[in-house]
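Below are the chains, spelled out letter by letter.
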Amino acid sequence: MSSTKSPLFFHPKRLCLYNFYVNRSLNTPNKKGFTLVELLVGISVFTIIVVGVYNAYVAVYQVVSVSRQKIAAIDLANEQLEIVKNMPYAQVGIDGGIPDGLLSRVQTLVRDGNTFTATTTVRNYDDPFDGTLGGTPNDLSPADSKIVEIHIDCVLCRNFKPIRVTSRVAPKGLETASTNGALFIRVFD
């Protein structure tokens, strides 16, 4: 061995120390990949984010679907009321009912890919303005106008709340004597 000192990077022991300091720091260990715990935590966080985004998408889709169903049902109710308003007053009623008329009691209609059930109810209305039947003054023609109620329901639709629309239909002229009457029943239990 010579007494002269060799440079730092040529000495075998010093070369190892040099490589240790250059390639590895004392404060941070060598990281060549992820540990299993880090991988599981990353996958869990990613899964939570993806599930949250998916649930938000599904919720928005359901709100849009319910909104479209409601709009279709309201349009259907308006359509049925327009049919009633364009009929002659004498024909406004349920076929075979009181008052008798041309309307069907229950109809199954398809709008926007959904099947709706439209139930129509027509009742005579005795307006107290000109008196009531058996009252003072006595109204001999108690069918002053008719109340038309249309109930729209969708059995197969999820989260659908039924829609009920009511309108009053009155004759064009003044009320006249008619063959209509009123039947009062008193029930005792």
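Keep in mind that this is a model prediction, so the values were computed, not measured.

1. Here we look at the overall build of the protein
Point 1. Assigned secondary structure in the protein consists of two helices and four strands.
Point 2. Buried residues in the protein amount to 23% of all 189 residues.
Point 3. Considering only contacts in the protein between residues 6 or more positions apart, those separated by 24 or more positions represent 51%.

2. Here we look at the sheet that holds strand β2 (residues 114-125)
Point 1. Read across the sheet, four strands follow the order β1-β2-β3-β4 without closing on themselves; strand pairing throughout is antiparallel. Whereas interior strands pair on both sides, the edge strands pair on one side only; in this sheet they are β1 (106-111) and β4 (163-169). Taking each pair of neighbouring strands and ignoring which way they run, the sheet shows an average axis angle of 25°.
Point 2. Here six bridges tie β1 to β2, and the two strands are oriented antiparallel to one another. Its bridge partner lying in β2, T108 is registered against T117.

3. Section: the state of the cysteines
Point 1. For the structure shown, the criterion picks out one disulfide.
Point 2. Disulfide partner of C154: C157, at an S-S distance of 2.0 Å. Where C154 bonds to C157 through sulfur, the torsion about that S-S bond is close to 60°, and the disulfide is right-handed.
Point 3. Look at C157 and you get buried, because its relative accessible area is 10%.

4. Details of the packing of aromatic side chains
Point 1. In the structure shown here, the tally under the stated rule is one aromatic pair.
Point 2. Over the aromatic face of Y89 sits the side chain of K146, whose NZ or CZ is 4.5 Å from the ring centroid.

5. Description of helix α2 (residues 36-85)
Point 1. The end-to-end C-alpha separation of α2 is 73 Å, in line with the 74 Å expected for 50 residues at 1.5 Å each.
Point 2. Those residues of α2 that fall on the buried side of the exposure criterion are Q69, A72, A73, L76, A77, Q80, L81 and V84.
Point 3. Elements in contact with the buried residues of α2: β1, β2, β3 (145-153) and β4.

6. Re the environment of R111
Point 1. Tracing the sequence through the fold places R111 in strand β1.
Point 2. Each C-alpha atom, one on R111 and one on L76, is 7.8 Å from the other, the two residues being 35 residues apart in sequence.

7. Overview of a nonpolar patch on the surface
Point 1. Taken together, the side chains of F34, L36, L39, L40 and I43 define a hydrophobic patch exposed on the protein surface, amounting to about 570 Å² of accessible area.
Point 2. Tracing the backbone through its elements, the reader meets I43 in helix α2.
Point 3. Look at I43 and you get partly exposed, because its relative accessible area is 47%.

8. Things to note about the side chain of H151
Point 1. For H151, the position within the fold is in strand β3.
Point 2. A distance of 3.5 Å separates a polar atom in the side chain of H151 from a polar atom in the side chain of R164.
Point 3. Ignoring any residue separated from it by four or fewer positions in sequence, one finds H151 in contact with T117, A118, T119, P162, I163 and R164.

Conventions and cut-offs
- Residues numbered from 1 in each chain as written.
- Predicted model: local features only at pLDDT ≥ 70, side-chain atom pairs only at ≥ 80, totals over all residues.
- Heavy atoms only, no water.
- Helix = DSSP H or I, 4+ residues; strand = E, 2+ residues; numbered from the N terminus.
- Buried < 20%, exposed > 50% of the residue type's maximum accessible area, 1.4 Å probe, protein only.
- Contact = heavy atoms within 4.5 Å.
- Pairing = 2+ DSSP bridges.
- Axes fitted to C-alpha atoms, helices over the stretch in contact; angles between N-to-C directions.
- Disulfide = S-S within 2.5 Å.
- Phe/Tyr/Trp six-rings, centres within 6.5 Å; stacked < 30°, edge-to-face > 60°.
- Lys NZ or Arg CZ within 6 Å of the ring centre and 35° of its normal.
- Expected span 1.5 Å × (residues − 1).
- Patch = residues over 30% accessible without salt bridge, like charges linked within 9 Å, V, L, I, M, F, W, Y side chains within 5 Å.
- Areas by Shrake-Rupley, 256 points an atom, 1.4 Å probe, with all protein chains shown as cover.
- Salt bridge = Lys/Arg side-chain N within 4 Å of Asp/Glu carboxyl O.
- Polar contact = N/O pair within 3.5 Å; in protein donor to acceptor, adjacent residues only side chain to side chain.

This is a description of form; function is not addressed.
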